[in-house]
Amino acid sequence: MQIWVNGGLRDADAAQVSVLDHGITVGDGIFETVKAEKGTTFALTRHLARLTRSARGLGLPDPDLDEVRRACAAVLDANPVALGRMRITYTGGLSPLGSERGDSGPTLVVAVGETRRRPDTTAVITVPWTRNERSAVAGLKTTSYAENVVALARAHGQGATEALFGNTVGALCEGTGSNVFVVVDGQLHTPPLASGCLAGITRELVVEWTGAQETELPLDVLERAEEVFLTSTLRDVQAVHRVDGRELTGTPGPVTAKAMRVFDERAASDLDP
């Protein structure tokens, strides 16, 4: 594997970042996960726009998007994969041991790893921990992912692939790495960005392409929703067949199936929508 680190490709065993990098010591960094198929990326422009928004939210310098594009192209050219998870990581760079950021400039790393297409349906759980919709980093895709690691481990321990959070006021928010949609009375809804959820790229496209409504929803909507599905870069649109102990249909329901079909068709016709 070849990885882009601060201006050039490196073999994996030589791709090094300082142990004093602020992304390592305090999680001062942001990232994007981009789907790559046969050497091409999907929705890269939207991902890079969000990378910039996240950088500004943390007070990092705007990333050089031309360099990021060059890095992505170089990494994909050097690492041919049929279906890949490309990870763009951008951190505060070499800094003192503490919260204060140094002045050496940011770190940029781009890597890609092979992955497989997800199943059409999955199981999820809810967790007792909350998203803070008033946090300084609410809605930013930061490298501070420890609470997601803990929640996802609990999901895996209960035979699920995702954990869903409520926020501090008991509203449905998001998963550890996904957005959530529900069908209530035949209508498709997803939590608004004000809930504290990440502005997912796939979420954004599904809202645009299906007309889903952004609605504040109580967490217990999951106990009565007719259909539930997840969206993310690598899940695309994935139906949910079980929420905690509640069984839903074993195959995607009609609204979910339509969203899956629309997404697949629109995504295939435009790789950078």
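Caption draft 1: Representation of helix 6 (residues 254-269). The terminal C-alpha atoms of helix 6, which comprises 16 residues, lie 23 Å apart, in line with the 22 Å expected from a rise of 1.5 Å per residue. Along helix 6, the residues classified as buried are Thr256, Ala259, Met260, Val262, Phe263 and Ala267. Buried residues along helix 6 sit against helix 5 (201-210), strand 13 (227-232) and strand 14 (236-243).

Caption draft 2: Just the nonpolar core, in detail. Counting residues in hydrophobic clusters, the biggest one holds 24 residues, and the most contacted among them are Ile88 and Val110. Of all elements in the fold, only strand 3 (29-37), helix 2 (44-58), helix 3 (65-78), strand 5 (83-91) and strand 6 (107-114) reach the threshold of two or more residues within this core. By size, the runner-up hydrophobic cluster in this structure holds 18 residues, among which are Phe181, Leu205, Val206 and Ala212.

Caption draft 3: Quick look at the sheet that holds strand 1 (residues 2-5). Taken in spatial order, the six strands line up as 2-1-6-5-3-4 in an open sheet, and their pairing is antiparallel. Looking at which strands have only one partner, the edges of the open sheet turn out to be strand 2 (8-11) and strand 4 (40-41). Alignment of strand 3 against strand 5, held across nine bridges, turns out to be antiparallel. Pairing of Glu37 across the sheet is with Leu83, part of strand 5. In this fold helix 2 packs onto strand 3, strand 4 and strand 5, with an angle of close to 175° to the strand it touches most, strand 3. Packing against the sheet, helix 3 makes contact with strand 1, strand 2, strand 3, strand 4, strand 5 and strand 6, and its axis sits at approximately 30° to strand 6.

Caption draft 4: Quick look at the packing of aromatic side chains. Counted under the stated rule, the structure contains four aromatic pairs. Both rings, one in Phe31 and one in Tyr145, keep their centres 5.2 Å apart while their planes meet at 80°; by these two values the pair is edge-to-face. Pair noted here: Phe31 is in strand 3 and Tyr145 is in the loop between strand 7 (121-131) and helix 4 (146-157), with a separation of 114 residues, a long-range link. When its relative accessible area of 5% is taken as the criterion, Phe31 is described as buried. With a relative accessible area of 28%, Tyr145 lands in the partly exposed category. Summarising the aromatic geometry, the rings of Phe181 and Phe229 are spaced 4.9 Å apart at their centres and angled 10° between planes, so their arrangement reads as stacked. Of this pair, Phe181 sits in strand 10 (residues 179-184) while Phe229 is found in strand 13, placing the two residues 48 residues apart along the sequence. Judged by its relative accessible area of 0%, Phe181 falls in the buried class. Joined through ring pairs, the aromatic side chains of Phe42, Trp209 and Phe263 make up one cluster. Lys35 extends its terminal NZ or CZ atom over the ring of Phe42, reaching a point 5.5 Å from the ring centre. A cation sits over an aromatic face here: Arg87 above Phe31, 3.8 Å from the ring centre.

Cut-offs applied
Residues numbered from 1 in each chain as written. Predicted model: local features only at pLDDT ≥ 70, side-chain atom pairs only at ≥ 80, totals over all residues. Heavy atoms only, no water. Helix = DSSP H or I, 4+ residues; strand = E, 2+ residues; numbered from the N terminus. Expected span 1.5 Å × (residues − 1). Buried < 20%, exposed > 50% of the residue type's maximum accessible area, 1.4 Å probe, protein only. Contact = heavy atoms within 4.5 Å. Core = buried A, V, L, I, M, F, W, Y, C linked by side-chain atoms within 4.5 Å. Pairing = 2+ DSSP bridges. Axes fitted to C-alpha atoms, helices over the stretch in contact; angles between N-to-C directions. Phe/Tyr/Trp six-rings, centres within 6.5 Å; stacked < 30°, edge-to-face > 60°. Lys NZ or Arg CZ within 6 Å of the ring centre and 35° of its normal.

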